[in-house]
Amino acid sequence: MSVQERDPCPHRILDDIGGAFSMGAIGGGLWHSIKGARNSPRGERLLGSMTAVKARVPVIGGNFAVWGGLFSTFDCSLVAVRKKEDPWNSIISGTLTGGVLAARGGWRAASRSAAVGGVLLAMIEGLQIALTKMMAEPTPPPYVSTSSAFERARTSEVEGIRL
């Protein structure tokens, strides 16, 4: 989905919160169902899997929703302040989100988490730009006016046949 097709900012935040919760719930459901089954005794693996899913999936989904909501809020705020929508907004939003989520651990933890968030989003944005350029249709060569050499070659005789 391109930037132009996205919802306006107040709606985008809620949309991103829901999408992040769903992604966390689905991924956490898969992860914890396997983990619960592996950590259960033989014969109770299905029950252990379901218990692990019921206990952890809402927490994982909620964590993803908080991250997505903060990221989207920072992204929309940067779009409003900077008046442009470019990859720098996502990188700065990732940095701010990482820092805010780790703020309870002190300034060292917050700065480390902010750096990780910024680097992670920079890698994601760089990969997205590279894939977009790689998958784009090749641009046609620029218009070249017919040169006099080309005209001479076209009008010259080749083996007695005029082209």
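The structure under discussion appears in the preceding block.
No experiment lies behind these values; they were computed from the predicted model shown.

Scoring rules and cut-offs
- Residues numbered from 1 in each chain as written.
- Predicted model: local features only at pLDDT ≥ 70, side-chain atom pairs only at ≥ 80, totals over all residues.
- Heavy atoms only, no water.
- Axes fitted to C-alpha atoms, helices over the stretch in contact; angles between N-to-C directions.
- Helix = DSSP H or I, 4+ residues; strand = E, 2+ residues; numbered from the N terminus.
- Parallel < 35°, antiparallel > 145°, perpendicular 65-115°, else oblique.
- Left-handed = near helix turned anticlockwise from the far one by under 90°.
- Contact = heavy atoms within 4.5 Å.
- Nonpolar A, V, L, I, M, F, W, Y, C, P; charged D, E, K, R; others polar.
- Buried < 20%, exposed > 50% of the residue type's maximum accessible area, 1.4 Å probe, protein only.
- Polar contact = N/O pair within 3.5 Å; in protein donor to acceptor, adjacent residues only side chain to side chain.
- Expected span 1.5 Å × (residues − 1).
- Phe/Tyr/Trp six-rings, centres within 6.5 Å; stacked < 30°, edge-to-face > 60°.
- Patch = residues over 30% accessible without salt bridge, like charges linked within 9 Å, V, L, I, M, F, W, Y side chains within 5 Å.
- Areas by Shrake-Rupley, 256 points an atom, 1.4 Å probe, with all protein chains shown as cover.
- Salt bridge = Lys/Arg side-chain N within 4 Å of Asp/Glu carboxyl O.

Student: Quick question: what am I supposed to make of the packing of helix α3 (residues 87-101) against helix α4 (residues 107-135) here?
Tutor: Angle between the axes and distance between the axes are the two parameters that describe a pair of packed helices. Where α3 meets α4, the axes come as close as 6 Å, and the angle between the chain directions of the two elements is 155°. Viewed along their axes, α3 and α4 adopt a mutual orientation that is roughly antiparallel. Where α3 crosses over α4, the two elements pack in a sense that is right-handed. For the pair α3 and α4, the contacting residues are Pro87, Ser90, Ile91, Gly94, Thr95, Gly98 and Gly99 in the first and Ala110, Ser113, Ala114, Gly117, Gly118, Leu121, Ala122, Glu125 and Ile129 in the second. Its residues placed into classes, the contact of α3 with α4 shows seven nonpolar, eight polar and one charged.

Student: Looking at this structure, I do not really get the side chain of Ser93. What am I missing?
Tutor: On the secondary structure map, Ser93 appears in helix α3. Relative accessible area serves as the criterion here: at 0%, Ser93 is assigned to the buried category. Here the side chain of Ser93 touches Asn89 through a polar contact of 2.7 Å, landing on its backbone oxygen. Residues contacting Ser93, with those up to four places away along its chain left out, are Phe71, Phe74, Asp75 and Leu78.

Student: Any chance you could explain α4 here in plain terms?
Tutor: One turn of an α-helix holds 3.6 residues; hence residues three or four places apart share an orientation. Given a rise of 1.5 Å per residue, 29 residues ought to cover 42 Å, and the 41 Å separating the end C-alpha atoms of α4 matches this to within 8%. Considered for burial, the residues of α4 that qualify are Ala110, Ala114, Gly117, Gly118, Leu121 and Glu125. Buried-residue contacts for α4 involve α2 (45-82) and α3.

Student: So what exactly am I meant to see when it comes to the environment of Arg112 here?
Tutor: Locating Arg112 in the fold gives a position in helix α4. Between the C-alpha atoms of Arg112 and Thr95, which are 17 residues apart in sequence, the distance is 9.7 Å.

Student: Sorry, what's going on with the packing of aromatic side chains here?
Tutor: By the definition in use, this model includes one aromatic pair. Taking the centre distance of 5.2 Å and the plane angle of 10° together, the rings of Trp67 and Phe71 count as stacked. Taken together, the positions of Trp67 and Phe71, both in helix α2 and four residues apart, correspond to about one turn of that helix. Phe71 gets classed as buried once you look at its relative accessible area, which sits at 15%.

Student: In this structure, what is going on with a nonpolar patch on the surface? I would like to understand it.
Tutor: Taken together, the side chains of Val119, Leu120, Met123 and Ile124 present a nonpolar region at the surface, about 380 Å² in accessible area. With respect to the secondary-structure elements, Met123 resides in helix α4. Using a relative accessible area of 54% as the deciding quantity, one classes Met123 as exposed.

Student: Can you help me understand unusual backbone geometry in this one?
Tutor: Note: most peptide bonds trans; most residues except glycine with negative phi. We note that Lys83 has phi near 60°; this positive angle belongs to a residue other than glycine. When you line up the elements, Lys83 lands in the loop between α2 and α3. For Lys83, a relative accessible area of 70% puts it in the exposed group.

Student: Just checking my understanding: could you explain the packing of helix α1 (residues 9-38) against α2 for this structure?
Tutor: At their nearest, the axes of α1 and α2 sit 5 Å apart, and the two run at 155° to each other. Taken together, the axis directions place α1 and α2 in an arrangement best described as roughly antiparallel. Relative to α2, the crossing made by α1 is right-handed. Class assignment for the residues of the contact of α1 with α2 results in 16 nonpolar, 14 polar and six charged.

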